Amino acid sequence: MIIGMAELTAYHVVTEKPMFLGQHIIFDENHHNGVWKRVNEKVDIVNDIYNYPERYKNVELEHHTSVALRELALEKVREDKYSDYPSRLACLYVSKTLREAENWFDYFIGLGRPTFQIVKLKINGNVFYGDAEKCFNGRLTEKENLILAEEYWANKGFDESSVSEMLVDGDIEVVEIVKEYK
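Residues numbered from 1 in each chain as written. Predicted model: local features only at pLDDT ≥ 70, side-chain atom pairs only at ≥ 80, totals over all residues. Heavy atoms only, no water.

**Topic: the overall build of the protein**
Scanning the protein for helices and strands turns up five helices and six strands. If you list the helices and strands of the protein from N to C, you get β-β-α-α-α-β-α-β-α-β-β. Expected size for 182 residues packed as a compact globule is a radius of gyration near 16 Å; at 17 Å, the protein falls within 12% of this value. Seen through its C-alpha atoms, the protein measures out along the principal axes to roughly 50 × 35 × 35 Å. Across the 182 residues of the protein, 42% fall into the buried class. Long-range pairs, those at least 24 residues apart, make up 83% of the contacts in the protein between residues at least 6 apart in sequence. Within the structure as shown, the protein displays about 10300 Å² of accessible surface, and the carbon and sulfur contribution to it stands at 51%. (Helix = DSSP H or I, 4+ residues; strand = E, 2+ residues; numbered from the N terminus. Rg over C-alpha atoms; globule rule 2.2 N^0.38 Å. Buried < 20%, exposed > 50% of the residue type's maximum accessible area, 1.4 Å probe, protein only. Contact = heavy atoms within 4.5 Å. Areas by Shrake-Rupley, 256 points an atom, 1.4 Å probe, with all protein chains shown as cover.)

Here it is, written out as structure tokens:
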């Protein structure tokens, strides 16, 4: 489900570097996130996989390569059919409720991922509520990845029991530091 341009509040688990009260983050076609950087570092290998899939048939793909295969397909389908939705390469991944954010916070801490804070945000931008379970491991063929990407964006069957994924873009302001990892 997408809610077009909206003003709302949400929560974000801060994992890259600490945020500060009053900080503004902009995500749009000119301002990308860390996923964009990691995906673009893998474009050459993605092209090689698509051109020579037989070379990779019995190879376990490195995590970020698999992610790049998925995210490039997701972005292509979004641009072609769902251009009003926030790009996964130029958005912030947030939680609708504090409880959801606390669950992600604990999960990241358990993985040993550097985790700093939970912040409350005021968002002026586009919002997409999706089913995180429809994220997929990248496949060796672009056709398969594009089919799975269409299923993700079409968002059929999404309901309250789904593992929610909330993507936001636009002007995002930190309005409260809710929790800090000590």
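**Concerning the nonpolar core**
Core analysis: the largest hydrophobic core is formed by 17 residues, its most contacted members being Leu92, Val94, Leu121, Ile123, Met166, Val168 and Ile172. At the level of elements, strand E1 (2-14), strand E2 (24-27), strand E3 (92-94), strand E4 (117-131), strand E5 (164-168) and strand E6 (170-180) are the ones that each hand at least two residues to this core. Looking at which element gives the most residues to this core, the answer is E4, with five residues. If near-sequence neighbours (up to four positions away) are discounted, Leu121 is found in contact with Leu8, Thr9, Ala10, His12, Leu92, Val94, Ile172, Glu173, Val174 and Val175. Counting 13 residues, the second-largest nonpolar core is a separate cluster that includes Cys91, Phe128, Trp153 and Leu167. (Core = buried A, V, L, I, M, F, W, Y, C linked by side-chain atoms within 4.5 Å.)

**A word on the packing of helix H2 (residues 43-51) against helix H3 (residues 63-81)**
Close contact between H2 and H3 brings their axes to 10 Å; oriented N to C, the two are set at 80 degrees. Considered as vectors, H2 and H3 are oriented roughly perpendicular to each other. Only Thr65, Ala68, Leu69 and Leu72 of H3 make contact with H2, whose side of the interface consists of Val43, Ile45, Val46, Ile49 and Tyr50. Residues of the contact of H2 with H3, tallied by class, amount to eight nonpolar, one polar and no charged. (Axes fitted to C-alpha atoms, helices over the stretch in contact; angles between N-to-C directions. Parallel < 35°, antiparallel > 145°, perpendicular 65-115°, else oblique. Nonpolar A, V, L, I, M, F, W, Y, C, P; charged D, E, K, R; others polar.)

**Overview of the packing of H3 against helix H5 (residues 142-154)**
Packing of H3 against H5 brings their axes to within 8 Å, and their N-to-C directions diverge by 60 degrees. In this view, H3 runs oblique relative to H5, as classed from their interaxial angle. The two elements H3 and H5 meet at a crossing, and its hand is right-handed. Contact with H3, carried on its side by Leu69, Ala73, Leu74, Lys76, Val77, Arg78 and Lys81, involves Glu142, Asn145, Leu146, Ala149, Glu150, Tyr152 and Trp153 of H5 and no other residues of that element. (Left-handed = near helix turned anticlockwise from the far one by under 90°.)

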